[in-house]
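# A look at the structure
Here's the letter readout for the chains.
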Amino acid sequence: MSKFHIPQRLRNLLMVLAGNAIYATAVVMFILPCGLISGGTTGLALIGQHWFNIPISNFVMVSNVIMFILGAVIMGRWFALNTAISTFCYPIFLELLGRIPGIDTMTRDPMLATVFAGVLIGAGIGLVIAAGASSGGMDIPPIIANKFLGIPVSVGMYTLDFFILIGQMFFANKEQILYGLLLVLLYTTVLDKVVVRGQSRIQVKILSEKSEEIRNAILHVMDRGCTMLHAQTGYARNEWDMVLTVITNRELSKLNHLVQQIDPQAFIIIDSVSKVQGRGFTLHKLYK
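Our focus in this paragraph is the overall build of the protein. Helix and strand content of the protein: 10 helices and 4 strands. Listing every helix and strand of the protein by position from the N terminus yields α-α-α-α-α-α-α-α-β-α-β-β-α-β. For the protein, with 288 residues in total, the buried portion stands at 41%. Summarising the internal contacts of the protein: among those between residues at least 6 apart in sequence, 74% fall at separations of at least 24. With the model as given, the accessible surface of the protein reaches about 16400 Å², and the carbon-plus-sulfur share is 64%.

Right, here's the structure in full:
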């Protein structure tokens, strides 16, 4: 059992570190040099820097520590352990990357900076969440609100980011506000994609008079599992078995070819699913 968990924990640790490094790179390389406004802890740090001249890395560190303590007290020690790495390493990455000569001269085009910052931030936070950790900072209040009030985390994050952007409107021009809204939209979209990266699968339902032959082909030719569902046609009320199977995107063409060879009249329904857990996907196959 330990042989499985130790590499997995190391993998999650590396994902959290990489995610925070990518996030910090986006801030140092694109957001700060181009004067973009943002949501989350970085957005609050920009407000603190403008009004109180507080260095961004210092503000982020203090804010993350406060949020970390709040999350630890309310959510428990396991949440604290998962969040601790992000809480402390993100501001450290900000400080270290900011000292690299020329890192802030990549581009001065605000649109280009918004696009790349959105992609990098979404990828960074997505890696952290996919590792089962929290990125710390301003995503902790929405998590707490979800626990006690039942408010979806995504709704809480969007709302909080919206108010943080409003706070920056007092010193940002109209174009900066528009770029800020675009940035939030981009990184939330990329975040969703990264969280389910490599986990999407194809669900196929096949209704055919030759369901037994199709079942055998899936089991022995495709080396995939399947489930037989009882079905009745709506028009003629024929009693047939429907074959349900889940495959990868690359296997779809092969399955379609097999089914067409067995029954060209087969009725096939194809759906995309975000994630599949169980034998043959997240667990090793068992052969009898």
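From this point on, the discussion continues.
A word on helix H6 (residues 140-149). Residues Ile140, Pro142, Ile143 and Ile144 constitute the buried set of H6. Of the residues one or two after H6, Gly150 is the one with positive phi, at around 75 degrees.

What follows covers the pairing of strand S3 (residues 239-247). As paired strands, strand S1 (residues 201-207) and S3 are joined by 6 bridges and run antiparallel to one another. Bridge pairing links Gln203 to Val246 in S3. Where strand S2 (residues 227-232) lies against S3, 6 bridges are found, and the strand directions are antiparallel. Within S3, the position partnered with Met228 by the bridge is Val243. Remark: 6 residues form the turn of the hairpin made by S2 and S3, two consecutive strands paired antiparallel; Arg237 in that turn has positive phi of roughly 55 degrees.

Take the packing of helix H5 (residues 110-130) against helix H8 (residues 174-195) next. Where H5 contacts H8, the axes come no closer than 7 Å and their chain directions differ by 35 degrees. Between H5 and H8 lies a crossing whose hand is right-handed. In terms of residue class, the contact of H5 with H8 is made up of 20 nonpolar, 4 polar and no charged.

What follows is about helix H3 (residues 56-75). The terminal C-alpha atoms of H3 lie 27 Å apart, and with 20 residues this matches the ideal 28 Å at 1.5 Å per residue to within 8%. Every buried residue of H3 is accounted for by Ile56, Ser57, Phe59, Val60, Ser63, Asn64, Met67, Phe68 and Gly71. Taken down its axis, H3 places every buried residue within 160 degrees of arc, on the same side. Of the residues one or two after H3, Gly76 is the one with positive phi, at around 105 degrees.

Two side chains with opposite charge may pair up if their charged atoms get near one another. For the coordinates displayed, the defined rule picks out 3 salt bridges. The closest approach of N and O atoms between Arg215 and Glu212, which form a salt bridge, is 2.9 Å. Here the residue Arg215 and the residue Glu212 both occupy positions in helix H9 (residues 211-220), the gap between them amounting to 3 residues, near one helical turn. Using a relative accessible area of 26% as the deciding quantity, one classes Arg215 as partly exposed. When its relative accessible area of 43% is taken as the criterion, Glu212 is described as partly exposed.

A contiguous nonpolar patch, built from Met111, Leu112, Val115, Phe116 and Val119 and spanning about 390 Å² of accessible area, is present on the exposed surface. The topology assignment puts Val115 in helix H5.

Helix H10 (residues 252-262) packs onto H9 with a crossing angle of 150 degrees between their chain directions and a minimal axis gap of 10 Å. Crossing geometry of H9 relative to H10 is assigned as right-handed. Within the contact between the two elements, H9 uses Glu213, Ile214, Ala217 and Ile218 and H10 uses Leu255, Leu258, Val259 and Ile262. Class assignment for the residues of the contact of H9 with H10 results in 7 nonpolar, no polar and 1 charged.

Cut-off values and rules
- Residues numbered from 1 in each chain as written.
- Predicted model: local features only at pLDDT ≥ 70, side-chain atom pairs only at ≥ 80, totals over all residues.
- Heavy atoms only, no water.
- Helix = DSSP H or I, 4+ residues; strand = E, 2+ residues; numbered from the N terminus.
- Buried < 20%, exposed > 50% of the residue type's maximum accessible area, 1.4 Å probe, protein only.
- Contact = heavy atoms within 4.5 Å.
- Areas by Shrake-Rupley, 256 points an atom, 1.4 Å probe, with all protein chains shown as cover.
- Pairing = 2+ DSSP bridges.
- Axes fitted to C-alpha atoms, helices over the stretch in contact; angles between N-to-C directions.
- Left-handed = near helix turned anticlockwise from the far one by under 90°.
- Nonpolar A, V, L, I, M, F, W, Y, C, P; charged D, E, K, R; others polar.
- Expected span 1.5 Å × (residues − 1).
- Arc of directions from axis to C-beta.
- Salt bridge = Lys/Arg side-chain N within 4 Å of Asp/Glu carboxyl O.
- Patch = residues over 30% accessible without salt bridge, like charges linked within 9 Å, V, L, I, M, F, W, Y side chains within 5 Å.

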